[in-house]
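In case you want the letters, here they are:
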Amino acid sequence: MKKLIPCILALVLLLGCASQEQKHTATILAMDTVMTLTAYGSQGETALTQAQQLINQLDAQLSLTREDSETNAINGSNGESVTVSATMLELVRQSVALGDSTGGALDVTLTPVIQAWGFIGGDYRVPEPQELADLLERVDYQKISVDTANNTMSLPENMAVSFGAIAKGYTGDLVMEQMKSAGVTSAIVTLGGNVQALGRKPDGSLWNVALQSPFGSDYLGTLEVEDVAVVTSGGYERYFQQEGETYWHIIDPATGYPAKSGLVSVTIVCDSGITADGLSTALFVMGLEDALDYWCTNGGFEAIFVTDDNKVYITPGLEGSFTLEKAYADLPLTVVE
Ligand code: AMP
Ligand code: MG
């Protein structure tokens, strides 16, 4: 009997570990992208069901293409103050803060310009310079007012918000919060170009996140991470070509034209998904020099920049955790200081 007790204990522990490591996965289509969710452990299945409900709810709430979305209720408010959900209030508050910190490189009121190019709606065309100049009159995130005490916000008439640049990052944050509350300690979600990791893999090792190459349909490299968001913005994600010119979906709010800043992709690694998502878009707009200035001044994140002359720049915190794929091993890689 004395020998049997440790054996039973060991068996119980083993079974406990096995159930802790059980892998649960789900794939859903939301926010115009394919999302894959993986959660480990006994709470994994429930957490994934809840995550899918949350994502579908956020999609319905934030979408610009669904007439009954909360975004469209704001856009149809004709300058009147509107009561919004706590989720929307926080999203708008963070949008404005990111606009401020990036000097307007991220502007969630760019909607009419994005629509004119067809990046919302899919009717691609190159707008006339005068049309863009007129539309830019209706763009300025500083005109959004948020009243957090009363759960209200307002937007001048003729202006419209949309959250294509940050919705997935915000969604990732809310999904990870929910997973943590459900008792999950190891999970990874891929929401289009956004990857968010909770903890480490169940065996204690780091997650390997593959980064899409801006030069082809393969991977540029891999990043070993734990407990962070890894978000990439690239011109290659969405673009159209006309008369030999490529027009992509990341737009410079200062000009109304696709941002040709010399960067072809920007990856941000940081604790917050919404910050990573907002900064990946905004730093793409800024270009390498201003992006590095921003990093030096603000910090709080790591980054990988790829330029249109095939150079790769990484911040020092990623040295050792980022590896270029074999096919790209010859690209000049600089660790910035
Ligand atoms: P992302 O893929 O996160 O870089 O977001 C790009 C999407 O955000 C585009 O498809 C547009 O809908 C929107 N967008 C493009 N440029 C900007 C910008 N400068 N500020 C805010 N949203 C933008
Ligand atoms: Mg973004």
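Our subject is the structure listed above.
Residues numbered from 1 in each chain as written. Chains lettered and ligands numbered in written order. Predicted model: local features only at pLDDT ≥ 70, side-chain atom pairs only at ≥ 80, totals over all residues. Heavy atoms only, no water.

(A) Spatial organisation of the coordination of the magnesium ion (ligand 2). The coordination sphere of the magnesium ion (ligand 2), as far as protein atoms go, consists of Ala165 (O), Asp277 (O), Asp277 (OD) and Thr281 (OG1), spread over 2.1 to 2.4 Å. All donor residues of the magnesium ion (ligand 2) come from one chain, and their arrangement in sequence is A-x111-D-x3-T. Taken together, the residues alanine 165 in the loop between strand 5 (152-154) and helix 7 (167-181) and aspartate 277 in helix 8 (residues 273-286) connect sequence positions 112 residues apart. Judged by its relative accessible area of 23%, alanine 165 is partly exposed. (Donors = N, O, S within 2.8 Å, 3.2 Å for Na, K, Ca; no water. Helix = DSSP H or I, 4+ residues; strand = E, 2+ residues; numbered from the N terminus. Buried < 20%, exposed > 50% of the residue type's maximum accessible area, 1.4 Å probe, protein only.)

(B) Broad picture of the sheet that holds strand 1 (residues 23-30). Strand order in the open sheet formed by nine strands is 1-2-6-7-10-13-14-15-17, and the pairing between neighbours is mixed. Looking at the sheet topology across the chains shown, the edges are occupied by strand 1 and strand 17 (333-335). Pairwise comparison of adjacent strand axes, ignoring direction, gives a mean angle of 10° for this sheet. Pairing geometry for strand 14 (residues 302-307) and strand 15 (residues 312-314), over three bridges, is antiparallel. Looking at the pairing, isoleucine 304 lines up with isoleucine 314 of strand 15. The strands that helix 2 (residues 44-62) touches are strand 1 and strand 2 (33-40); relative to strand 1, the one it contacts most, it runs at about 10°. Contacting strand 7 (194-198), strand 10 (229-234), strand 13 (263-270) and strand 14, helix 8 runs over the sheet at an angle of about 155° to strand 13. (Pairing = 2+ DSSP bridges. Axes fitted to C-alpha atoms, helices over the stretch in contact; angles between N-to-C directions. Contact = heavy atoms within 4.5 Å.)

(C) View of the sheet that holds strand 9 (residues 219-225). With respect to topology, three strands assemble into an open sheet ordered 8-9-16, the strand pairing being antiparallel. Bordering the open sheet on either side are strand 8 (207-212) and strand 16 (322-324), each of which pairs with just one other strand. Neighbour-to-neighbour, the strand axes of the sheet open up by a mean angle of 25°, direction not taken into account.

(D) Main features of the nonpolar core. Ile144, Phe163, Met179, Leu283, Phe301 and Phe305 are the most contacted members of the largest nonpolar core, which totals 71 residues. The element that contributes the greatest number of residues to this core is helix 8, accounting for eight residues. Discounting chain neighbours no more than four positions away, the residues touching phenylalanine 305 are Leu263, Ser265, Val266, Leu283, Leu288, Ala291, Leu292, Lys311, Val312 and Tyr313. (Core = buried A, V, L, I, M, F, W, Y, C linked by side-chain atoms within 4.5 Å.)

Taken by themselves, the reported measurements are silent on function.
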